[in-house]
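# Architecture at a glance
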Amino acid sequence: MASEYGRKVVLLWDTSAILGVREKSLTINGEAVNVTSDEDDGVQVLLAEDAESSVSIELSGVTKDTILRVAKLAGGSALRKAVSLTYANGDELAGNFQLGAYSEGQPYNEAVTFTATLMSTGAVTYTAA
Amino acid sequence: MSGYQLQLGIYTALNDDTALSALIVGVYDNPSQAGDPGDDTAFPYVTISDGTSTPWDTDTDRGDEAIAQVHVWSRASNALQVKQIQDAIYGVLHRGTISISGSVFIGSDYITQTVQRDPDGITRHGVQEFRIIYEEA
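Please read all numbers here as calculations on a predicted model, not as lab measurements. All chains use their own residue numbering, which begins from 1 and follows the written sequence. Labels follow written order: the first chain is A, the first ligand is 1, and so on. In view of the model being predicted, local features appear only for residues whose pLDDT reaches at least 70, and side-chain atom pairs are presented and counted only at 80 or more, with totals across whole chains, interfaces and linings using the full set of residues. With hydrogens and water stripped out, all remaining heavy atoms of the structure feed into the side-chain values.

All right, on to the overall build of chain B then. Going along the chain from the N terminus, every DSSP run of H or I of four or more residues is numbered as a helix, and every run of E of two or more is numbered as a strand. Looking only at helices and strands, chain B features three helices and six strands. Radius of gyration: C-alpha atoms only; globule rule: 2.2 Å multiplied by the number of residues to the exponent 0.38. Relative to the globule expectation of 14 Å for 137 residues, the C-alpha radius of gyration of chain B, 16 Å, shows essentially globular dimensions. Considered along the principal axes of its C-alpha atoms, chain B spans approximately 55 × 30 × 25 Å. Relative to its 137 residues, chain B shows a buried fraction of 44%. The contact rule is simple, with two residues in contact once any of their heavy atoms fall within 4.5 Å. Contacts in chain B between residues far apart in sequence, at least 24 positions, make up 61% of those at least 6 positions apart. With residues, only the protein chains shown are counted as cover, and all accessible areas are computed by Shrake-Rupley using a 1.4 Å probe. When the accessible area of chain B is evaluated, it comes to approximately 7000 Å², of which 48% is carbon and sulfur surface. Buried, partly exposed and exposed residues are distinguished by accessible area as a fraction of the type maximum, computed with a 1.4 Å probe on protein chains only: under 20%, between the cut-offs, and over 50%, respectively.

Structure below.
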């Protein structure tokens, strides 16, 4: 695939774009299971399947809407929404995500900024275009 | 983003301020040179053409963070006139509102201010910088 700008990767939270985003980062986590034993002669051996896999998305930017702030304060079901990341070539990563930490920077002489972490809950699908 | 519209906005904000207008001859981009360099009648005045601009974008919007320089030129025998004019400019631009056609104004903040004697030895020159953030409408 060709290189692409990060801004071309579209993040939707509950089918809505979050305004003001400047940076997104995607982490596909996997917790390997180490089954190394004496007979492996000091060479690490892992199970083929991760014990736990998850996806997290961190985003930050200028606060232009209140979607995430309101969701975090509301708690409960408001924290968990369908999220998708669609790349410029049409590939899509999608699943249910829960809003983790949400924070805002409010310097006296700068715009209000935010950072938020979205953590997958349940399966995340990846559909190639 | 439009540096053109930004300069028009700064000009309008300064030019429309009665307190500042009472202190100066005018606000200019490039004032005409007096035929006689010793003629002080065109002073004091303000120029607004200098500055820099850097992107203030998000994933979906375009924005601009501009550093606008405002110069004060005076032939007074001391620096007080320049500083008085700078006070008036500060009153207009620091945390003030600038109408920028086609854009949404976000904020204007004072950054620095200097006063010095120009190389001609008779002109007092004040420079102020303001950070102005605006984005597309």
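Per-residue confidence from the prediction method is given by pLDDT, with values spanning 0 to 100. On average, residues of chain B score 93 in pLDDT, and 100% of them reach the 70 mark or higher. Reported confidence for the predicted complex is 0.75 by ipTM and 0.81 by pTM.

The strands that make up a sheet pair up through hydrogen bonds in the backbone, lying either parallel or antiparallel. Residue and element names in this part refer to chain A. Here, strands pair whenever DSSP counts at least two bridges between them. Reading across from one edge, β2-β1-β5-β6-β7-β4-β3 is the order of the seven strands in this open sheet, with antiparallel pairing throughout. Each edge of the open sheet carries a strand with a single partner, namely β2 (16-17) and β3 (21-31). Two strands pair when backbone bridges link them, and β3 and strand β4 (residues 52-62) are joined in this way by 10 bridges, in the antiparallel orientation. Bridged to S25 within β4 is E58. Axis lines are fitted to C-alpha atoms, over the contacting stretch for helices. Their N-to-C directions set the angle, which ranges from 0 to 180 degrees. Against the sheet, helix α1 (residues 67-74) engages β1 (10-13), β2, β4, β6 (92-105) and β7 (113-127), with an angle of about 85° to β6.

Now for the packing of aromatic side chains. One pair of aromatic rings is described through two measures. These are the centre distance and the angle between the planes. Residue and element names in this part refer to chain B. Pairing of aromatic rings covers Phe, Tyr and the six-membered ring of Trp, with a centre-to-centre limit of 6.5 Å; geometry is then stacked below 30 degrees between planes, edge-to-face above 60, and tilted otherwise. Tallying each qualifying case throughout the model produces six aromatic pairs over all chains. Aromatic pair F43 and Y45: ring centres 5.2 Å apart, planes at 40°, arrangement tilted. You can call Y45 buried: its relative accessible area is 12%. Their ring planes at 75° and their centres at 5.2 Å tell us that Y90 and Y110 sit as a pair that is edge-to-face. Of this pair, Y90 sits in helix α3 (residues 80-93) while Y110 sits in strand β5 (residues 103-117), placing them 20 residues apart in sequence.

The subject of this paragraph is the nonpolar core. Joining through side-chain atoms within 4.5 Å is the link that ties buried Ala, Val, Leu, Ile, Met, Phe, Trp, Tyr and Cys residues into a set, and such a set is a nonpolar core. If you look at the biggest cluster of nonpolar residues, it comprises 25 residues, and the most contacted ones within it are I10(B), L14(B), V46(B), V70(B), I89(B), L93(B) and I132(B). Of all elements in the fold, only α1 (3-15), β4 (63-74), α3 and β6 (124-136) of chain B reach the threshold of two or more residues within this core. At six residues, the largest contribution of residues to this core is made by α3(B). Sequence-distant contacts of I89(B), that is, excluding residues within four places in its chain, are made with L14(B), L20(B), V46(B), V70(B), V72(B), H94(B), Q128(B) and F130(B). Core analysis: the next-biggest nonpolar cluster, separate from the first, contains 21 residues, L11(A), L79(A), L85(A) and L99(A) among them.

This paragraph deals with the side chain of D91(A). All names here are of chain A. Tracing the backbone through its elements, the reader meets D91 in the loop between β5 (80-86) and β6. A polar contact of 2.6 Å, which involves the side chain of D91, links it to the side chain of Y126. Polar contacts, as used here, are pairs of N or O atoms within 3.5 Å; protein pairs need one atom able to donate a hydrogen and one able to accept it. Residues neighboring in sequence count only if both atoms are side-chain atoms. Here A129 takes part through its backbone nitrogen, which lies 2.6 Å from a polar atom of the side chain of D91. With near-sequence residues (within four places) excluded, D91 lies in contact with L85, T86, Y126, T127, A128 and A129.

Turning to the interface of chain B and chain A, a few remarks are in order. The interface of chain B with chain A comprises nine residues on the first partner and 13 residues on the second. The contact between chain B and chain A buries some 1000 Å² in all, and 40% of this surface belongs to carbon and sulfur atoms. Note on definitions: salt bridges are taken to be side-chain nitrogens of Lys or Arg within 4 Å of carboxyl oxygens of Asp or Glu. At the junction of chain B and chain A, the tally comes to four salt bridges. In this structure, the salt-bridge partner of R131(B) is E110(A), at a minimum N-O distance of 3.2 Å. By convention, the term buried area covers the 1.4 Å-probe accessible surface removed from two parts as they join, with the contributions of both added.

Attention now goes to the environment of T54(B). Residues and elements named next belong to chain B. Position of T54 among the secondary structure elements: in strand β3 (residues 51-55). In the structure, T54 is positioned 20 residues away from A34 in sequence and 35 Å away in space, judged by C-alpha atoms. When residues no more than four places from it in sequence are discounted, the contact partners of T54 are G63, D64 and E65.

So, about unusual backbone geometry. A cis amide bond links F43(B) with the next residue in sequence, P44(B), at an omega value of -5°. Mapped onto the elements, P44(B) comes out in the loop between β1 (26-28) and β2 (45-47). The backbone of D14(A) sits at a positive phi, close to 55°, despite the residue not being glycine. Examined against the element boundaries, D14(A) turns out to sit in the loop between β1 and β2.

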